[in-house]
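# Structure assessment
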Amino acid sequence: MDASQIGFSLLILGILLYLGKWVRMHWRPAQKLFLPASIIAGGIGLLLGPGVLGALASAISGPESSLANGVFPQDMLLVWSKLPGLLINVVFATLLLGVPLPAWKRVWHLAGPQLAFGLSLGAGQYVIGILIAALILAPIFGLPMMAGALIEIGFEGGHGTAAGLQTVFADLGFPEGADLAIGMATVGVISGIVCGIILINWGVRNGKSEVLDQKVGQIPESQQRGLIAMEDRPRSTGEMTVRSESIEPLTLHFAFIAMAILVGLGLLESMVWVEEQTWGGEGGISLLGAVPLFPLAMIGGLIVQTVLNRFDKNKLLDRETMERIQGFALDVLIAAAIASLSLTVIANNLVPFILLGAAGIAWNVGLFLWLAPRIIPRYWFERGIGDIGQSMGVTATGLILMKIADPENKSPAYEAFGYKQMVFEPFFGGGLVTGLSLPLIYHFGPWPFFAVMLMLLVLGVCSGLFYFGRLEKE
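Because the structure is predicted, anything quoted here is derived from the model rather than measured. All chains use their own residue numbering, which begins from 1 and follows the written sequence. Restriction of local features to residues with pLDDT of at least 70 applies here, the model being predicted, together with a cutoff of 80 or more for giving and counting side-chain atom pairs; totals for whole chains, interfaces and linings are based on all residues. By convention in this description, side-chain values take in all heavy atoms of the structure and omit both hydrogens and water.

### Regarding helix α13 (residues 294-311)
- Only runs of H or I of at least four residues qualify as helices and only runs of E of at least two qualify as strands under DSSP, and these elements are numbered from the N terminus. To estimate how far a helix should extend, the number of its residues minus one is multiplied by 1.5 Å. Its 18 residues place the ends of α13 26 Å apart at the C-alpha level, agreeing with the 26 Å of an ideal helix rising 1.5 Å per residue.
- By the burial criterion, the buried members of α13 are F294, P295, L296, A297, M298, G300, G301, V304, Q305 and L308.
- Residues of α13 that are buried in the fold lie against α5 (74-93), α8 (158-164), α12 (249-277) and α21 (432-444). Note on exposure labels: buried denotes an accessible area under 20% of the residue type's maximum, exposed denotes more than 50%, and partly exposed covers the range between, all computed with a 1.4 Å probe on protein chains only. We call two residues contacting when some pair of their heavy atoms lies within 4.5 Å.

Shown next as structure tokens:
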């Protein structure tokens, strides 16, 4: 495979992304579900690939049909399958670059209840998943116990994390786990929006909302289509901190991202070296070698940001520009991951896939209805709905649901959610816990990891009920 093939694969992926946006603008179901264009683009690629079009052509005309592999050559699908593992490092490196570090006392007071709620959601997804794997998936369907981590990887982590763990799944002897995780992420995003909108309507009708007093549905058409009204369009999507004749601002921000990823790579290599010199030597257990790069890239971004705060007197880094780069990387990542998804793997594991997906949805919705009002008594509905959206899909899903539940930003939902994410994301939803979950289960079995997650679940529930919940009432 040469550079021209890689370049052509990227061009076709760009066409799919435009088609995804066109569908979002003109297809009402996609607007009602607020489906991102990247997911639609990946779905179009999946339909035109070997899993759907190719399978139909083979069934009708035989395996020698010209469309047996769909409309995309195998080399193109191979390029797309490799992109997520690279781009996830960009996504995570940008998470904390340009983010101001607030006073921890305010973070603790405002985001503490939501952090307890988020911890309960995330740790509970592992607890439920491992129990299902131990009782059903492993003894009946022969899946490895690592399948118990699929709910958190797909729901909390989303498409980026699921795709970024492809190499880890393969190295640990469970390559089909990556496709199952990506499929789980798709289920999470769609169910997160659907369940969220249902819950918002239920909350308004039953007086749970402190902001809305009528049935939800007054969302501007331009927002449903994913457009910005002409009169509201900003002149720029970010500040130019440098003159382009010296260096293009995007180029400079690419340099910051490169620094963050390289710092993360240095941290990872250092950890692996220490492991090789200690417990992971000859005949030992290699644990850190299976940790993906992207959680360390996020820490690298935090380190780079700390250095810039100390020495960059000219404030060269612009957060909005960094968010645009992050969004671009995530859109390409999601489209490529879904388009190269193997439907055969999901079909061969359909019952386990449905069991895990249904359990994840039930856990998130049940915890929202029972725990959130007890630990977030003030604006619990508006604040909790963002967490359930994020824990079933991605951060954008949570933001969409908060926008519907609190369109005029009357509650502290956005601020509390942002603070909670700063503390939560380094560990769950693609952080260190997510990255370590697979190798830990593989090397030590599921029960030590299960015990730790159970303790974190109990910690989240108890701290919420007996500390944060009471604190909010005072």
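### Quick word on the packing of aromatic side chains
- Each aromatic pair joins two rings of Phe, Tyr and Trp (for Trp, the six-membered one) with centres within 6.5 Å, and gets the label stacked for planes under 30 degrees apart, edge-to-face for over 60, and tilted for any other angle. Counted according to the given criterion, the structure contains ten aromatic pairs.
- On the basis of an interplanar angle of 90° and a centroid distance of 5.0 Å, the ring pair of Y126 and F449 is categorised as edge-to-face. Of this pair, Y126 sits in helix α6 (residues 104-141) while F449 sits in helix α22 (residues 446-473), and the two are 323 residues apart along the sequence. For the pair formed by Y126 and F449, the shared burial category is buried.

### Section: empty space enclosed by the protein
- The method works on a 1 Å grid over the protein atoms by themselves. A cavity is a set of points holding a 1.4 Å probe that cannot get out, a pocket is an open set with protein on both sides within 12 Å along at least five of seven lines, and residues with an atom within 4 Å of a point line them. Grid points are joined across faces, edges and corners, and a volume is the space filled by probe spheres set on the points. If you walk through the whole model with that rule in mind, you get two cavities of 30 Å³ or more.
- There is about 30 Å³ of room inside the second largest cavity.
- Considering the residues around the second largest cavity, the lining is formed by L143, L150, L180, M184, N349, P352, F353 and L356.
- Broken down by secondary-structure element, the contributors of at least two residues to the lining of the second largest cavity are α10 (176-205) and α16 (350-370).
- In this classification, the charged set is Asp, Glu, Lys and Arg, the nonpolar set is Ala, Val, Leu, Ile, Met, Phe, Trp, Tyr, Cys and Pro, and all remaining amino acids, among them Gly, are polar. Considered class by class, the residues forming the lining of the second largest cavity number seven nonpolar, one polar and no charged.

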